[in-house]
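Here is how the chains run, residue by residue.
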Amino acid sequence: FFFGLSSAMELVRTWSVSSTTDEGPLVKKRKVKPAFTPQYQGPAKRDIVEARKQHLSDGQYTFYKEPLMLVEGAMQYIFDEQGRRYLDAYSNVCHIGHCHPHVVEAVQKAMATVLTNTRYLHPTIATYAERLKQRFPPELDTVFFVNSGSEANDLAVRLARVHTQRSGVVALQHAYHGTTAVCTGLSTCLAPGTGGGCIDWKYCARDIWIAPCPDLVRGAFRKGDPKAAEGYADMVQSTIQSKCPDDVAAFIAESIQGVGGQVVYPPGYLKAVYERVRAAGGVCIADEVQVGFGRTGQGYWGFETQGVVPDIVTLGKPIGNGFPLAAVVVKRHIARSFDDCQYFNTAGGNPVSCAAGLAVLESIDEDDLQENARAQGEYCMQLLEELKARHRRIGDVRGMGLFIGVELMKDGHGLEPAPEATAWVFERCKELGLLIGKGGPYNNVLRIKPPICVTRADIEFLVGCLARALQEEQEMEEQGRMVVEPSAADVDLLVYNYLKQNGFGHLATQFKQETGGLKKEGNPYFGLKLQSILADATSSGRHHEHVDYEGAQKLTDSAEGGAGPDGRPEAPEGGPGKARHAEERRGPHDHGHPVAGLDP
């Protein structure tokens, strides 16, 4: 019944919001760009597809089986070349809305004035740094400006290593921190590569150690377990003690894990981890690239919801509402350790980028968007929980504010993931006018993170689209008409790499033998069932677990290696190109977060 509500939405509207400033209450009326049907007159979509094939690498992937061509944006809506409007429930980059008029105006004005770098004086960078710092605890008092979240995380690790004179960095399973060499090493979700055979990650993972993700659905400690925070924090401590007891420079984690499946940590987890890391001599880095700037609703920053103050905070994506801008905010005594490095970034902190950043801060405050994220997020969670009660596919609904995950299972009462259903729903939602993401280690989590200016009607439309897609998927499965499913070879390879990466080398070898060298035809879901069984076994046997060299959980102390000399997942037999036919190879989804070739 939600689905029909979208037709009543206004096409042209004046957005009136109430807010409070230092001067007192006011009502600000801002004329936003109307949601209209654009008249596109550029190259045809088919020509763009061919041009990309000719000029770009295959690794620069597109979403969807039929790629989407976007030519206009207006707040929470975007339009394709045919003028069709979509609700964007995926972009946490255009944080306050596509083509937000205040940001557009600020950038145009700054660009027409001067564009220089931080080795010359300009008032905008000083004003912006001061305004940005006002949003942080007073201990975080020094700012570095860069261009992207990847650069910010890379610099944060450099700061930590120079300050501590150590090299070891602890990150979490399924994390995503960017695509520089250092950040690729931190981003364990990149380990399998596009087709399961990419080995780029292992070359970047020197001095990086991986602790288990505090997963409350499949992990050792589940929802409602009062020991969850301390238990998962102990796993981080175990990783430090076994891998870098005298060499830990930093612990880095997203304040809420995004690519890993919108994982909200148990209350008190980061506080317990930070205590252990600092006791070992390391510093604590909070990656706010995806959840910062009021998205959680409960706090301006995600780390605030865990009751901690990091030593270093990294910012990106929403900071400039799509304009290239990022930052590292750090305690001054750590920044001073870096003074002799003479850090310089050509475009970081330029007047145009800082003007965009200022406009974002002003709009969040003036339009009360953090409160909107809280209110609309709570409403979305309420409707999704109601949907969960009606659809057996939904195994878990989790999130905070407008950062939400919906995990799909074969049966909502079990743990067997349903990546094929997730892929179908992902595609069908686009056809219905809704853009969402997908991710998680099994590629079975629908990721919802719209611009924080969405309305109540938008939320109803969003959940209505999901309801319709899920109902249609269920009907198609019952009729035996499901056509979007991973190949047997892809699933087998995913399982094999997963087992080796997570310390089950003996089971990986056995699985490889049973599948005839990862080429077995038959039930394409056999591997996924095995993964679910392993997850259940790991949880039920947690009193007998220990941590292997990457911090993954093992069932018993007798589990042998099988993961190669360095313990990383290996490529399929015959090299990466043998994972599947070349014409079928597509890139990972959700910002380059692959799961062994499972495409939508």
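Residues numbered from 1 in each chain as written. Predicted model: local features only at pLDDT ≥ 70, side-chain atom pairs only at ≥ 80, totals over all residues. Heavy atoms only, no water.

Caption draft 1: Here's a closer look at the overall build of the protein. If you tally the helices and strands in the protein, you get 16 helices and 17 strands. Across the 600 residues in the protein, those meeting the buried criterion constitute 59%. Counting only contacts in the protein whose residues sit at least 6 apart along the sequence, the fraction spanning at least 24 positions is 73%. For the protein, the computed accessible surface area is about 24100 Å², with 51% contributed by carbon and sulfur atoms. (Helix = DSSP H or I, 4+ residues; strand = E, 2+ residues; numbered from the N terminus. Buried < 20%, exposed > 50% of the residue type's maximum accessible area, 1.4 Å probe, protein only. Contact = heavy atoms within 4.5 Å. Areas by Shrake-Rupley, 256 points an atom, 1.4 Å probe, with all protein chains shown as cover.)

Caption draft 2: Quick look at the pairing of strand 11 (residues 312-315). Burial of the side chains of strand 11 extends over both faces: Ile312 and Thr314 are buried on one face and Val313 and Leu315 on the other. Bridge count for strand 10 (residues 283-287) against strand 11 is three bridges, and the pairing is parallel. Note that in strand 11 the partner of Ala286 across the bridge is Val313. Relative to strand 12 (residues 326-331), strand 11 is paired through four bridges, and the arrangement is antiparallel. Counterpart to Thr314 in the pairing with strand 12 is Val328. (Pairing = 2+ DSSP bridges.)

Caption draft 3: Focus on the pattern of salt bridges. Evaluation of the coordinates by the stated rule reveals 23 salt bridges. Across the salt bridge formed by Arg392 and Glu477, the nearest N and O atoms sit 2.6 Å from each other. Highlighted residues: Arg392 in the loop between helix 11 (369-390) and strand 13 (394-400) and Glu477 in helix 13 (residues 456-478), separated in sequence by 85 residues. Linked through salt bridges whose partners overlap, the residues forming this network are Arg218, Lys223, Asp396, Arg398 and Glu407. (Salt bridge = Lys/Arg side-chain N within 4 Å of Asp/Glu carboxyl O.)

Caption draft 4: Broad picture of the packing of helix 12 (residues 419-432) against helix 13. Following both chains from N to C, one finds helix 12 and helix 13 inclined at 130 degrees, their axes separated by 9 Å at the closest point. The orientation of helix 12 with respect to helix 13, classified from their angle, is oblique. Note on packing geometry: the crossing formed by helix 12 with helix 13 is right-handed. Two secondary-structure elements touch here, helix 12 through Ala421, Trp424, Val425, Arg428, Cys429 and Leu432 and helix 13 through Phe461, Cys465, Leu466, Arg468, Ala469, Leu470, Glu472, Glu473 and Met476. Partitioned by chemical class, the residues of the contact of helix 12 with helix 13 number eleven nonpolar, no polar and four charged. (Axes fitted to C-alpha atoms, helices over the stretch in contact; angles between N-to-C directions. Parallel < 35°, antiparallel > 145°, perpendicular 65-115°, else oblique. Left-handed = near helix turned anticlockwise from the far one by under 90°. Nonpolar A, V, L, I, M, F, W, Y, C, P; charged D, E, K, R; others polar.)

Caption draft 5: Quick peek at the confidence of the model for the protein. Summary statistics for the protein give a mean pLDDT of 79 and a share of 72% for residues scoring 70 or more. This model gives residues 1-30 a pLDDT under 50, and the stretch forms 60 contacts once residues within four places in sequence are excluded. For residues 485-489, every residue scores under 50 in pLDDT, and the model assigns this stretch 14 contacts once sequence neighbours within four places are set aside. (pLDDT = per-residue confidence, 0-100.)

Caption draft 6: Broad picture of the sheet that holds strand 12. If you walk across this open sheet you meet the seven strands as 6-12-11-10-9-7-8, and the pairing is mixed. Unpaired on one side and paired on the other, strand 6 (140-146) and strand 8 (208-211) mark the two borders of the sheet. The average undirected angle you get between the axes of adjacent strands in this sheet is 20 degrees. In this structure, strand 7 (residues 168-172) lies alongside strand 8, joined through four bridges in parallel fashion. Following the sheet pairing, Ala171 is matched in strand 8 by Ile210. In the packing of helix 7 (residues 228-243) onto the sheet, contacts are made with strand 7, strand 8 and strand 9 (248-254), and the angle to strand 8 comes to roughly 145 degrees.

Caption draft 7: Geometry of helix 7. Under the 1.5 Å per step criterion, the end-to-end length of helix 7 is 23 Å for 16 residues, consistent within 8% with the ideal 22 Å. Within helix 7, burial applies to Ala228, Ala229, Gly231, Tyr232, Ala233, Met235, Val236, Thr239 and Ile240. Summarising the contacts, the buried residues of helix 7 are in contact with strand 7, strand 8, strand 9 and helix 8 (269-279). (Expected span 1.5 Å × (residues − 1).)

Caption draft 8: View of the sheet that holds strand 14 (residues 403-408). As summarised here, the arrangement of the four strands in space is 13-14-17-16, forming an open sheet in which the pairing is antiparallel. Edge positions in the sheet fall to strand 13 and strand 16 (437-439), since each of these pairs with one other strand and no more. Neighbour to neighbour, the strand axes of the sheet diverge by 25 degrees on average, direction disregarded. Pairing of strand 16 with strand 17 (residues 445-448) involves three bridges; the strand directions are antiparallel. Counterpart to Lys438 in the pairing with strand 17 is Leu446. Lying on the sheet, helix 11 is in contact with strand 13, strand 14 and strand 17; it crosses strand 13 at an angle near 170 degrees.

Caption draft 9: Representation of the pairing of strand 6 within the structure. Taken across its seven residues, strand 6 has five buried, putting it largely inside the fold. Looking at chain direction, strand 6 and strand 12 are connected through six bridges and run antiparallel. Note on strand 12: the bridge partner recorded for Leu140 is Lys331.

Caption draft 10: How the structure looks around the packing of aromatic side chains. The full count for this structure, using the stated rule, is 16 aromatic pairs. Ring geometry for Phe338 versus Tyr343: centroids 6.3 Å apart, planes at 45 degrees, classification tilted. Put simply, the rings of Tyr61, Phe63, Tyr64, Tyr90 and Phe426 pair up and form one aromatic cluster. The ring of Phe344 is capped by Arg119, whose NZ or CZ atom sits 3.6 Å from the centre of that ring. (Phe/Tyr/Trp six-rings, centres within 6.5 Å; stacked < 30°, edge-to-face > 60°. Lys NZ or Arg CZ within 6 Å of the ring centre and 35° of its normal.)

Caption draft 11: Looking closely at the environment of Ala160. Along the chain, the position of Ala160 falls in helix 4 (residues 149-164). The class for Ala160 is buried, based on a relative accessible area of 1%. Once the C-alpha coordinates of Ala160 and Phe338 are considered, the two residues, 178 residues apart in sequence, prove to be 9.3 Å apart. Apart from residues no more than four positions distant in its own chain, Ala160 is found in contact with Ala249, Ala250, Val283, Ile285 and Ile312.

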